Amino acid sequence: MSSELPQQTSQKVNPDACPVIESLEQIGSQWRLAVLHELLEGELRFNELKRATGANARTLSRVLDDLGEMGFVDRRIEEDSPIATFYSLTEKGESLAPVFDEIECWAGEWLESTA
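Quick caveat, the model's predicted, so the values are computed rather than measured. (Residues numbered from 1 in each chain as written. Predicted model: local features only at pLDDT ≥ 70, side-chain atom pairs only at ≥ 80, totals over all residues. Heavy atoms only, no water.)

(A) Representation of the nonpolar core. One finds Val-35, Leu-36, Leu-39, Leu-49 and Val-73 to be the most contacted residues of the largest nonpolar core, which totals 17 residues. Secondary-structure elements contributing two or more residues to this core are helix H3 (30–39), helix H5 (57–69) and strand E3 (84–89). With four residues, the top contributor of residues to this core is H5. Not counting residues within four places of it along the chain, the set of residues in contact with Leu-49 comprises Val-35, Glu-38, Leu-39, Leu-44, Gly-54, Leu-60, Leu-64 and Tyr-87. (Core = buried A, V, L, I, M, F, W, Y, C linked by side-chain atoms within 4.5 Å. Buried < 20%, exposed > 50% of the residue type's maximum accessible area, 1.4 Å probe, protein only. Helix = DSSP H or I, 4+ residues; strand = E, 2+ residues; numbered from the N terminus. Contact = heavy atoms within 4.5 Å.)

Spelled out as C-alpha cells, the structure:
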C-alpha cells in the first residue's frame, strides 16, 4: 500500500499549475525576496547585500546562486585587488519592481491597520 502512495501523489501533479504558485516557488522565500528587493536600488557587493538583508554568508551565497540560475540576478567580478563581486538584477529581475510596489501599497493599507 505504501508503494502506491508516491504514484498517487505524482499523478495528482497538475501540468496546468497556477502561475501564482509557480511564481512564488521561484521568488517566494524570505531571502530571495529580500535580495531581489535590495537589488532594485542598484548593483551591490556581496557584503553590502549581507548587511542589508541580514542573511548569513552561506544563505546569501546559496540564494544568489539560485537567483542567478533562474535568470533574476547577474554577477560581475572585478579582478582588482581586492577582488570584488557585484550583483545586479537582470531584465527579468527588474520586471518585478511593480510587484514590490503593489506589495508595499497593500502592506501600507492592511498591515498598519492591524497594528
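Back to the write-up after that little detour.
(B) Up close: unusual backbone geometry. Cis rather than trans, the peptide bond between Ser-81 and Pro-82 has omega equal to -5°. Looking at the element boundaries, Pro-82 is found in the loop between strand E2 (73–78) and E3.

(C) Representation of the sheet that holds strand E1 (residues 44–45) within the structure. Judged by pairing direction, the sheet is antiparallel, and its three strands sit side by side in the order E1-E3-E2 without closing on themselves. Lying at the two open borders of the sheet, with one neighbouring strand each, are E1 and E2. By the bridge criterion, six bridges tie E2 to E3 in an arrangement that is antiparallel. Counted as the bridge partner of Asp-74 is Ser-88 from E3. (Pairing = 2+ DSSP bridges.)

Geometric values such as these leave the question of function open.
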